[in-house]
Amino acid sequence: MPMITLFRSLFAPPRHLIVLLAALWLGLSLAEKRAERHGISKEALNNIVYYSILGYILGGRVLFALSNFSAFSESPLSLFSVNIDLFDTTGALVTGLLVGFVYGQRQKLSPWPTLDALTPLFAVLAIGLSLSHLAAGTAFGAPTNVPWGMELWNATRHPTQVYEFIASLLIFGLIWLRKNNVPAGTDFLVFAAATAGARLFLEAFRGDSTLTFGGVRTAQLIAWVILALALFASESIRRDEKPA
Amino acid sequence: MQPTQRRIIYSIILLLGFAWILASMDKSGSSTAGKIPAPQQGFLAPDFELSTTAGDTIKLSDLRGQAVLVNLWATWCPPCRAEMPAIEKIYNEYKDQGFTVLAVDMTYQDDPAAVLPFVEEYGLTFPILLDKTGEMGKAYQLKSLPSSYFIDREGIITEVVIGGPMAEALLRTRIESILK
């Protein structure tokens, strides 16, 4: 595993964020190439991404400050700190999605083609996220005796970040090499179902799962629900596509 | 593929998925974290024993029961310098509630003669430890300075902040969380 060691030393925190930024840039470039195939202009695609990122950044910081109001009232300038840890990730995600949704509505963008156009970006971001996990040593695996185990945090562990990387690479390949003549929404739903399926399977090898109901891994439950919704939606778009 | 066939396949996928969730349940309470010492969130903070600038010796595990901020720094590091006043301020605010700071100077890559003037310049009142051999830095897999570890009363790392300077609000939110 010398390459993994080299990668981890090159992109150790906080440099691991460079990987995510590179994935964002690459993903957006690839999404632009395919946008017009889905009837979405490059400009609309770029705008929806930039506004969502802006919403993500501002929402994450403002919601964190609001939920820790007393700490910020003691030192209001902290609101402008460069510390990325002063951030509410869930709030950021919700705000980013909301801003993207509102922009899409105002520009009268059709939801399924827009999501299809954004799918290459999502798929490349998933690859970037797995590499960022690898660099930071987060999303780590459970201890194991398998020959391909990786030394991390003072134990030999399942290289879950590598599993995640391989799965996201395969999912990207599946999306990128798909046929054109499929109903709108298919690319996004295939991505959502495959990503949820991969998470459902791979979470079992993680050593940092959040548990609920006496040992059930919360991420698996969420992934199962997303998988079910994606399969249901995919059936629904196929039905709607059929002539009456 | 016919819609009926597809629905059967989808149902099988979901049933298998659910079976996998049950099969991969972790009844042991999962996470190896909390038991194995490692410089990562959720793990037991690696123990160390170092001498202070005052000539005393401090062992991290002796502070079990207190909330601890372990801050790795050096005199030549600008963000380390920038965050020291905030750490000093917060230390004075919370020390009576069972909070302490262990500021470990990476002496093996610093000028030892510069440490005391630095402490005086910033009026630091918390313990300043000296890592003369680099062993503590190695145990904490030090990659960049400053690096900070928030440790709860059970000795578990609840948050790692690599880089700086840390904002006062960040210190305050994390310390209030580990003091609970």
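Residues numbered from 1 in each chain as written. Chains lettered and ligands numbered in written order. Predicted model: local features only at pLDDT ≥ 70, side-chain atom pairs only at ≥ 80, totals over all residues.

Talk me through the overall build of chain B; I want residue IDs and the actual numbers.
For chain B, the count of helices and strands is five helices and seven strands. Reading the helices (α) and strands (β) of chain B from amino to carboxyl end gives α-β-β-β-α-β-α-β-α-β-β-α. For 180 residues, the compact-globule formula gives about 16 Å, and the C-alpha radius of gyration of chain B, at 22 Å, lies well above that figure. Once the C-alpha set of chain B is aligned to its principal axes, its extents read approximately 80 × 30 × 30 Å. Residue pairs at least 24 apart in sequence account for 73% of intrachain contacts in chain B once pairs closer than 6 positions are excluded. (Helix = DSSP H or I, 4+ residues; strand = E, 2+ residues; numbered from the N terminus. Rg over C-alpha atoms; globule rule 2.2 N^0.38 Å. Contact = placed C-beta atoms within 7 Å.)

Give a detailed account of the overall build of chain A, specifying residues and quantitative values.
Secondary structure summary: chain A contains nine helices and four strands in total. When the helices and strands of chain A are placed in sequence order, the string is α-α-α-α-α-α-β-β-α-α-β-β-α. Computed over its C-alpha atoms, the radius of gyration of chain A comes to 20 Å, within 12% of the 18 Å expected for a compact globule of 244 residues. Taken along the three principal axes of its C-alpha coordinates, chain A extends 60 × 50 × 40 Å. Taking contacts inside chain A between residues at least 6 apart in sequence as the whole, the part at least 24 apart equals 71%.

Account for the nonpolar core, naming residues and giving values.
Within the largest apolar cluster, 56 residues are counted, with the highest numbers of intra-cluster contacts made by L102, A103, V104, I151 and I175 of chain B. In terms of residue count, the dominant contributor to this core is helix α2 (residues 78-94) of chain B (seven residues). Counting residues in hydrophobic clusters, the runner-up holds 43 residues, among them V19, V49, L134 and L200 of chain A. (Core = buried A, V, L, I, M, F, W, Y, C linked by C-beta atoms within 7 Å. Buried ≥ 20, exposed ≤ 12 C-beta atoms within 10 Å, placed from the backbone.)

I'd like a description of the packing of helix α3 (residues 42-67) of chain A against helix α5 (residues 89-106) of chain A, backed by residues and values.
Packed helices, taken two at a time, are described by their axes: the angle between them and the distance between them. Residue and element names in this part refer to chain A. Two elements in contact, α3 and α5, have axes separated by 7 Å at closest approach and are oriented at 145°. Taken as a pair, α3 and α5 cross one another with a handedness that is right-handed. Where α3 approaches α5, its residues N47, I48, Y51, S52, I53, L54, G55, Y56, G59, G60 and L63 are matched on the opposing element by T89, G91, A92, L93, T95, G96, L98, V99, G100, Y103 and G104. Here the residues of the contact of α3 with α5 sort into 11 nonpolar, 11 polar and no charged. (Axes fitted to C-alpha atoms, helices over the stretch in contact; angles between N-to-C directions. Left-handed = near helix turned anticlockwise from the far one by under 90°. Nonpolar A, V, L, I, M, F, W, Y, C, P; charged D, E, K, R; others polar.)

Could you give an account of the interface of chain B and chain A, with specific residues and numbers?
Each partner contributes to the interface: chain B provides 33 residues, whereas chain A provides 36 residues. Listed by contribution, the elements that provide at least two residues to the side of chain B that touches chain A are α1 (3-23), β7 (157-162) and α5 (168-179) of chain B. The greatest single-element share of the side of chain B that touches chain A, amounting to eight residues, is contributed by α1 of chain B. Here the side of chain B that touches chain A is composed, by residue class, of 17 nonpolar, nine polar and seven charged.

How would you sum up the sheet that holds strand β4 (residues 99-105) of chain B? Please name residues and give values.
Sheet strands pair via backbone hydrogen bonds, and the direction of the pair is either parallel or antiparallel. All names here are of chain B. Spatial ordering of the open sheet is given by β2-β1-β5-β4-β3-β6-β7, a layout of seven strands whose pairing is mixed. Edge positions in the sheet fall to β2 (57-59) and β7, since each has one partner strand and no second. Ignoring strand direction, the axes of neighbouring strands in this sheet form an average angle of 30°. Relative to strand β6 (residues 147-151), strand β3 (residues 67-73) is paired through five bridges, and the arrangement is antiparallel. Of the residues in β6, the one forming a bridge with L69 is F150. Packing of α5 onto the sheet brings it into contact with β3, β4, β6 and β7, and relative to β3 it is tilted by some 140°. (Pairing = 2+ DSSP bridges.)

Run through the packing of helix α2 (residues 16-35) of chain A against α3 of chain A, naming residues and quoting values.
Residue and element names in this part refer to chain A. Viewed as axis vectors pointing N to C, α2 and α3 meet at an angle of 145°, and their least axial separation amounts to 9 Å. The two elements α2 and α3 meet at a crossing, and its hand is right-handed. Along the contact surface, α2 presents L28, A31, E32 and A35, while α3 presents K42, L45 and V49.

Lay out unusual backbone geometry in plain terms, naming residues and giving numbers.
In the segment running from L145 of chain B into P146 of chain B, the intervening peptide bond is cis, with an omega of -10°. Position of P146 of chain B relative to the elements: it lies in the loop between α4 (135-139) and β6. Between G164 of chain B and the following residue, P165 of chain B, the backbone shows a cis peptide bond with an omega angle of 0°. Positive phi, normally seen in glycine, also occurs at K108 of chain A, with a value near 55°.

How would you sum up the environment of R199 of chain A? Please name residues and give values.
Its place among the elements puts R199 of chain A in helix α8 (residues 186-202). Considering only alpha carbons, one finds R199 of chain A and V216 of chain A, 17 residues apart in sequence, at a separation of 14 Å.

A description of the confidence of the model for chain B should follow, citing residues and the corresponding values.
Where the model shows low pLDDT, its predicted coordinates should not be examined in detail. Looking at chain B as a whole, the pLDDT averages 92, with 96% of positions reaching at least 70. For this predicted complex, the interface confidence score (ipTM) comes to 0.88, while the overall pTM stands at 0.88. (pLDDT = per-residue confidence, 0-100.)

So what's going on with the environment of L93 of chain A? Residues and values would help.
Within the secondary structure layout, L93 of chain A lies in helix α5. Remark: the alpha-carbon pair of L93 of chain A and L115 of chain A, spanning 22 residues in sequence, is separated by 16 Å.

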